[in-house]
Amino acid sequence: MIVAELTIIPMGEADVRRYVEAALKVVRASGLRHEVDALGTTLEGELDDVLRVARDAHQAVMCAGVGRVYTELRLDERQGQHVTIARETRAYREHPLLRPGR
């Protein structure tokens, strides 16, 4: 099990909402655990599944009509351990000084 951060940026577009929605449809349909934030989407799953979803989301944005797409994928995998979103964010969410603020 790995955690990945996926960011897909439609280049040269002022309003990116429809392209982001195309990518999120793929992510949601994948069944992978995920969290969407302001600058990307965190995915949790097996490596092959995460790579497939990243590829399919990238292609969905291209198929939505944008001329150029820039995609970043960062992976966190540990030998012999399952990496999960909950495990990686627990300390930040439980500690009062590290919780998101205004």
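In case you missed it, the structure is sitting above this.
Residues numbered from 1 in each chain as written. Predicted model: local features only at pLDDT ≥ 70, side-chain atom pairs only at ≥ 80, totals over all residues. Heavy atoms only, no water.

Peer 1: Could you give an account of the side chain of Thr-7, with specific residues and numbers?
Peer 2: Counting through the fold element by element, Thr-7 comes out in strand E1 (residues 2–10). One polar contact links the side chain of Thr-7 to the main-chain carbonyl oxygen of Leu-39, over a distance of 3.2 Å. When sequence neighbours within four positions are dropped, the list of residues in contact with Thr-7 reads Leu-39, Gly-40, Tyr-70, Thr-71 and Glu-72. (Helix = DSSP H or I, 4+ residues; strand = E, 2+ residues; numbered from the N terminus. Polar contact = N/O pair within 3.5 Å; in protein donor to acceptor, adjacent residues only side chain to side chain. Contact = heavy atoms within 4.5 Å.)

Peer 1: For the nonpolar core, give the residues involved together with the corresponding values.
Peer 2: Grouped together as the largest cluster of nonpolar side chains are 16 residues, with contacts concentrated most on Leu-6, Ile-8, Leu-43, Val-50 and Val-61. Of all elements in the fold, only E1, helix H1 (17–30) and helix H2 (47–63) reach the threshold of two or more residues within this core. If one sorts the elements of this core by residue count, H2 sits on top with five residues. Leaving out residues up to four positions away in the same chain, Leu-43 has contacts with Ile-2, Val-3, Ala-4, Leu-6, Val-27, Arg-33, His-34, Val-50, Val-53 and Ile-85. (Core = buried A, V, L, I, M, F, W, Y, C linked by side-chain atoms within 4.5 Å. Buried < 20%, exposed > 50% of the residue type's maximum accessible area, 1.4 Å probe, protein only.)

Peer 1: Could you give an account of a nonpolar patch on the surface, with specific residues and numbers?
Peer 2: A cluster of nonpolar residues, Ile-9, Met-11 and Tyr-70, forms a patch on the protein surface that exposes about 250 Å² of accessible area. Along the polypeptide, Tyr-70 turns up in strand E4 (residues 69–76). (Patch = residues over 30% accessible without salt bridge, like charges linked within 9 Å, V, L, I, M, F, W, Y side chains within 5 Å. Areas by Shrake-Rupley, 256 points an atom, 1.4 Å probe, with all protein chains shown as cover. Salt bridge = Lys/Arg side-chain N within 4 Å of Asp/Glu carboxyl O.)

Peer 1: If you had to explain H2 to someone new, which residues and values would you point to?
Peer 2: With 17 residues, H2 should cover 24 Å at 1.5 Å per step; its first-to-last C-alpha distance of 24 Å lies within 8% of that length. Val-50, Val-53, Ala-54, Ala-57, Ala-60 and Val-61 are the residues of H2 that are buried. Considered in projection along H2, the buried side chains sweep an arc of 130° and stay on one side of the axis. Facing away from the buried surface of H2 by more than 90 degrees, the exposed residues are Asp-48 and Cys-63. (Expected span 1.5 Å × (residues − 1). Arc of directions from axis to C-beta.)

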